[in-house]
Amino acid sequence: MATSDVGLLDHGGLDVADGGFGAIILVHGLMGRGRTWRRQVPWLRRYGRVFTFDAANHQGADAVDPSDTSTERFVADLAEIITWIDRGPAVLVGHSMGGLHSWCTAAAYPELVSALVVEDMAPDFRGRTTGTWTPWFASWPDRFPDLAAAVDMFGDVAGRYFYEAFDDGRLHGSLAVWTEIAQEWAVRHFWDQWEAVDIPVLLVEAGFSVTPPGQMSEMASRRPGASYLRVDGAGHLVHDDAPGVFRGAVEAFLSELAARGA
């Protein structure tokens, strides 16, 4: 993997010498992209050096690689990015799929991750298949002409998320491959990886969560010292649906870490 090919961006921020974290890496969800974090970057720069990137199969329609869609492939890529940045252990802020990849990276490469924020993701979706996605995907146009068209189809928050990830209104990947990525979650669980995590964690669950009921609170109970927040009224994209609440929770978490010298 060449980092120049994954849209890796260094957004700057408070450096270690000034009391900041060496790297805060924002890890997007399924069908997302690094640039969907743009509203969170400015305030996170107060806490450390902020980075975004595009995960495999989210880098453009001409960069689809269906040969390996496993979680382990994404974890290896994320570990490589942290190593390439070379600023010490990173704070990972992961939404949905990005949250899963973040805690699996912390489990597999504990020396590379200092803390985690996991937004609306759980370890066990077994039995939930992606079969219902097919007719929904079939209704998508080849190209969304503008943001308004995306908002019309997906709603205000998700419409903006998708349109920002698209390339001039067109898919930045393959619907079939994205379905395959999610289908893995229907046949395996990730509790073992979660229980191997031994660093500070903030769990943020949406009030209208996509996760199985009770799993995120159970994650907190299985990880002594983990912080857990349920944001009532917010949808899956908590960071954009309830941005003030999300920001307050993450800032409090990072401030406490900084005070403890984590």
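Residues numbered from 1 in each chain as written. Predicted model: local features only at pLDDT ≥ 70, side-chain atom pairs only at ≥ 80, totals over all residues. Heavy atoms only, no water.

**So, unusual backbone geometry**
Note the threshold: Secondary structure follows DSSP: runs of H or I at least 4 residues long count as helices, runs of E at least 2 residues long count as strands, and numbering of each begins at the N terminus. Three labels apply to residues, based on accessible area from a 1.4 Å probe with only protein chains included: buried if under 20% of the type maximum, exposed if over 50%, partly exposed otherwise in between.
With a phi angle near 70 degrees, Met31 is a residue other than glycine that sits in the positive phi range. Tracing the chain through its elements places Met31 in the loop between β2 (21-27) and α1 (41-44). Positive phi values are uncommon outside glycine, yet Asp168 reaches one of about 50 degrees. The class for Asp168 is exposed, based on a relative accessible area of 51%.

**Quick look at the pairing of strand β5 (residues 113-119)**
For a regular strand, side-chain orientation follows a simple rule: the groups alternate between the two sheet faces. Definition in use: One requirement defines pairing of two strands: DSSP has to find at least two bridges between them. Handedness is read with the strands pointing away from the viewer; a crossover is right-handed when the path from the first strand over the helix to the second is clockwise.
When you tally the buried positions in β5, you get 7 out of 7 residues, the bulk of the element. Pairing geometry for strand β4 (residues 90-95) and β5, over 6 bridges, is parallel. Looking across to β5, one finds that Leu92 is bridged to Leu116. Regarding the hand of the β-α-β motif, the stretch spanning β4, helix α3 (residues 97-108) and β5 is right-handed. In the sheet, β5 pairs with strand β6 (residues 201-206) via 4 bridges, with the strands oriented parallel.

**What to know about the nonpolar core**
The line we're drawing: Buried Ala, Val, Leu, Ile, Met, Phe, Trp, Tyr and Cys residues that are joined via side-chain atoms within 4.5 Å together make up what is termed a nonpolar core. In what follows, a contact means two residues having at least one pair of non-hydrogen atoms within 4.5 Å.
With 59 residues, the main nonpolar core has Ile25, Phe53, Trp103, Leu116, Trp140 and Trp185 as its most contacted residues. Excluding anything up to four places from it in sequence, Ile25 contacts Phe51, Phe53, Leu78, Ile82, Ile85, Ala90, Val91, Leu92 and Val93. Among the nonpolar cores identified, the runner-up in size contains 26 residues, and Phe21, Val93, Leu254 and Leu257 belong to it.

**A word on the packing of aromatic side chains**
What counts is decided by this rule: What counts as a ring pair is set by centres within 6.5 Å for rings of Phe, Tyr and Trp (its six-membered ring), and what kind of pair is set by the plane angle: stacked under 30 degrees, edge-to-face over 60, tilted for all other angles. A ring has a charge above it when a Lys NZ or an Arg CZ is no more than 6 Å from the ring centre and no more than 35 degrees off the ring normal.
By the definition in use, this model includes 16 aromatic pairs. Ring centres 5.4 Å apart and planes at 20 degrees place the aromatic pair Phe144 and Phe166 in the stacked group. Note that Phe144 is positioned in the loop between α4 (133-138) and α5 (147-154) and Phe166 in the loop between α6 (156-165) and α7 (175-183), a separation of 22 residues in sequence. The residues Phe144 and Phe166 share a single accessibility class, namely buried. Among the aromatic residues, those joined into a ring-pair cluster are Trp136, Phe137, Trp140, Phe144, Phe154, Tyr161, Phe162 and Phe166. If you follow Arg222 out to its NZ or CZ, it ends over the ring of Trp191, 3.8 Å from the centre.

**Overview of the sheet that holds β2**
Basically, it comes down to this: Axes, fitted as lines to C-alpha atoms, cover a helix only where it is in contact. Angles between the N-to-C directions of the axes lie from 0 to 180 degrees.
One open sheet accounts for 7 strands, arranged β1-β3-β2-β4-β5-β6-β7; its pairing is mixed. A strand with exactly one partner marks an edge of an open sheet, and here the two such strands are β1 (9-13) and β7 (227-231). For this sheet, the mean inter-axis angle between neighbouring strands, taken without regard to orientation, is 15 degrees. For β1 and strand β3 (residues 48-52), the ladder comprises 3 bridges, and the chain directions are antiparallel. Residue pairing across strands places Asp10 opposite Phe51, the latter belonging to β3. Where α3 meets the sheet, its contacts fall on β2, β4 and β5, and the angle it forms with β4 comes to roughly 145 degrees. Against the sheet, helix α11 (residues 243-260) makes contact with β2, β4, β5, β6 and β7, and its axis sits at roughly 165 degrees relative to β5, the strand it touches most.

**Some remarks on the packing of α5 against α6**
Angle between the axes and distance between the axes are the two parameters that describe a pair of packed helices. We apply this condition: Note that the term roughly parallel is reserved for angles under 35 degrees, roughly antiparallel for angles over 145, roughly perpendicular for angles of 65 to 115, and oblique for everything else. Note on convention: near helix rotated counterclockwise from far helix by under a right angle means a left-handed crossing. Clockwise means right-handed. Residue type decides the class: Asp, Glu, Lys and Arg count as charged, Ala, Val, Leu, Ile, Met, Phe, Trp, Tyr, Cys and Pro as nonpolar, and the leftover types, Gly among them, as polar.
Following both chains from N to C, one finds α5 and α6 inclined at 130 degrees, their axes separated by 7 Å at the closest point. By the angle between their axes, α5 is oblique relative to α6. Classified by chirality, the crossing of α6 by α5 is right-handed. Where α5 abuts α6, its residues Leu147, Ala150, Val151 and Phe154 lie against Asp156, Ala158, Gly159, Arg160, Phe162 and Tyr163. Grouping the constituent residues of the contact of α5 with α6 by class yields 7 nonpolar, 1 polar and 2 charged.

**Description of helix α9 (residues 215-222)**
Which entries qualify depends on this criterion: Note that the arc is computed from the directions linking the helix axis to the C-beta atoms.
What α9 keeps buried is the set Gln215, Met216, Met219 and Ala220. Down the axis of α9, the buried side of the element spans an arc of 150 degrees, and every buried residue falls inside it. The inward-facing, buried residues of α9 contact α3, β5, α8 (191-195), β6 and β7.

Treat this as a map of the structure, not an account of what it does.
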